[in-house]
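# Overview (structure and organization)
Next come the chains, spelled out residue by residue.
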Amino acid sequence: MIITFIGHGYVGLVTAAVFADFGNTVYVIGHTKEKIENLKRGIIPIYEPGLEEIVRKNVKAKRLIFTLDYKPSISESDIIFIAVGTPTTKTGDADLSTVLEVAEKIGQNLEGYSVVATKSTVPAGTNKRVKRILEESKPKGAEVDYASVPEFLREGSAISDTTNPDRIVIGAESKRAQELLVKLHEPIKAPLVLTNFETAELIKYAANAFLALKISYANSIAKLSESLGADALKVLEGIGMDKRIGNMFLSPGPGYGGSCFPKDVRALISIAKDNDYPFSLLEEVENINNQSRRDIVRKARKILGDLRGKKIGILGLAFKANTDDMRDAPAIDIINLLQNDGAKVSAFDPKAMDIASKVLKNVDYKKDAYEVSDGADLLIVLTEWNEFRELNFLNIKDRMEKPNIIDGRNLYEPEEMKAKGFNYMGIGR
Ligand code: UGA
């Protein structure tokens, strides 16, 4: 099949590369010359394990073609995926301007029969607008069907999530479109959810918001465990063994971040409000998440008292491990709050420091975890990078001014850390 992706962010680039690897011819349309030139040379704009290799392999095989032009890719394609960003507007809604803009350009270049499918996360109802734009802009004789095929991949494990998903959701408006999309996904062995496009759009939001809810629930149980003297990890392990609950996405920490959960929770609250349903449950999920970030700072104050002039070292900046993504990372809010209190912050992250340095000023970026420890009054772990699991804590303790540690990701065993001479605080333990 010939397919086109508009957009080469996480979703666009990863899915395009995987479909090319299945033997399809895949065009990827971008709008920045420099980025497209880099992609043609196999230089990718994001850090994602395994992605560069699969991009290079398929560019070399001429199955993955990066371009700035809508012609001839759109007219040749059986399926065109819209995979551009939908950031949050000031009012909390999803900003659909890019989706609608590219829909018009796609429409103008359609020829023969094609399916246009949205992979971007868009509120229920958007696809009807996209469909209208396509119908109005397409030349006479072109025939188009519309579909919503939401994506569930996670950063850091994007390729295996795409090749081994839990399900494939296809919301198509005609049998013909549905069949074409089912055929494209044939190499992926996963259950199919075949439905209309409003349902597919809502599945995506409902899934992300539910996962965010699980995390806020875990963070609330962690907070309660601290007061009761319970071990939150055991409590959550204990409930997670119940198959009806499940053990995933129950790790307490500094709150969820990234480009999806914060934005999608806000957007679903806003969608509900527009439909006269105050989704107060999700409002509380968001409040608890903000509270989880502030709680790390509260713990720092509890250990150090006045933070003015105190040296605090941060281990991990990215919103999660295995990515350089800093979008809505808890580290941003936490470091800003520490600095507002007058703390001197140094930090190390294996991948995210370049990007972090653009959003977090006055931070002393170091070359590893040991340098961050030099003279520190407190270390705070904010990202669960594997390399932080096996540190030489005797060396770290020697370098620190005071051996205080807040383990924001529960990487270490409290008793072991205490035995090594640390004043240790985890989350919910
Ligand atoms: C999330 C979803 O997991 C994907 O299914 C979805 O496709 C994607 O959003 C999207 O909509 O594009 P992602 O944001 O890449 O993926 O990362 P997650 O692994 O879901 O983590 C999100 C945040 O939750 C991170 O800050 C992570 O540290 C936090 N988290 C996750 C916890 O605090 N506790 C957990 O138990 C799990």
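Quick caveat: nothing in here was measured; it's all calculated off a predicted structure. (Residues numbered from 1 in each chain as written. Predicted model: local features only at pLDDT ≥ 70, side-chain atom pairs only at ≥ 80, totals over all residues. Heavy atoms only, no water.)

## Points about the domain arrangement of the protein
- Examined at the domain level, the protein breaks down into domain 1 (2–195), domain 2 (204–253) and domain 3 (262–425).
- If you average the C-alpha positions of domain 2 and of domain 3, the two centres end up 19 Å apart.
- Counting from both sides, the interface comprises 15 residues of domain 2 and, opposite them, 16 residues of domain 3.
- At the boundary of domain 2 with domain 3, total buried surface from both sides reaches about 1,300 Å², with 61% on carbon and sulfur atoms.
- On the surface where domain 2 and domain 3 come into contact, there are 2 salt bridges.
- Across the contact surface, domain 2 and domain 3 share 5 residue pairs in polar contact (both at pLDDT 80 or more).
- Classifying every residue of the side of domain 2 that touches domain 3 gives 7 nonpolar, 5 polar and 3 charged. (Domains from an automatic or database assignment. Contact = heavy atoms within 4.5 Å. Buried area = accessible area lost by both parts, 1.4 Å probe. Salt bridge = Lys/Arg side-chain N within 4 Å of Asp/Glu carboxyl O. Polar contact = N/O pair within 3.5 Å; in protein donor to acceptor, adjacent residues only side chain to side chain. Nonpolar A, V, L, I, M, F, W, Y, C, P; charged D, E, K, R; others polar.)

## As for the pairing of strand β13 (residues 404–407)
- Because side chains alternate across β13, one face comprises the buried residues Asn404 and Ile406, and the other comprises Ile405 and Asp407, equally buried.
- As a crossover connection, the stretch from strand β12 (residues 378–381) through helix α16 (residues 393–399) into β13 is right-handed.
- With 3 bridges joining them, β13 and strand β14 (residues 423–425) adopt parallel strand pairing. Paired with isoleucine 406 across the bridge in β14 is methionine 425. (Buried < 20%, exposed > 50% of the residue type's maximum accessible area, 1.4 Å probe, protein only. Helix = DSSP H or I, 4+ residues; strand = E, 2+ residues; numbered from the N terminus. Right-handed = clockwise from strand over helix to strand, strands pointing away. Pairing = 2+ DSSP bridges.)

## Quick word on the sheet that holds strand β8 (residues 192–195)
- Strands sit in the order β3-β2-β1-β4-β5-β6-β7-β8 across an open sheet of 8 strands; the sheet is mixed. Two strands close off the open sheet at either side, each with one partner strand: β3 (64–67) and β8. Strand-to-strand, the axes of this sheet are offset by a mean angle of 25°, without reference to chain direction.
- The sheet strands contacting helix α6 (residues 126–137) are β4 (79–82), β5 (113–118) and β6 (143–148), and the helix crosses β6 at an angle near 165°. (Axes fitted to C-alpha atoms, helices over the stretch in contact; angles between N-to-C directions.)

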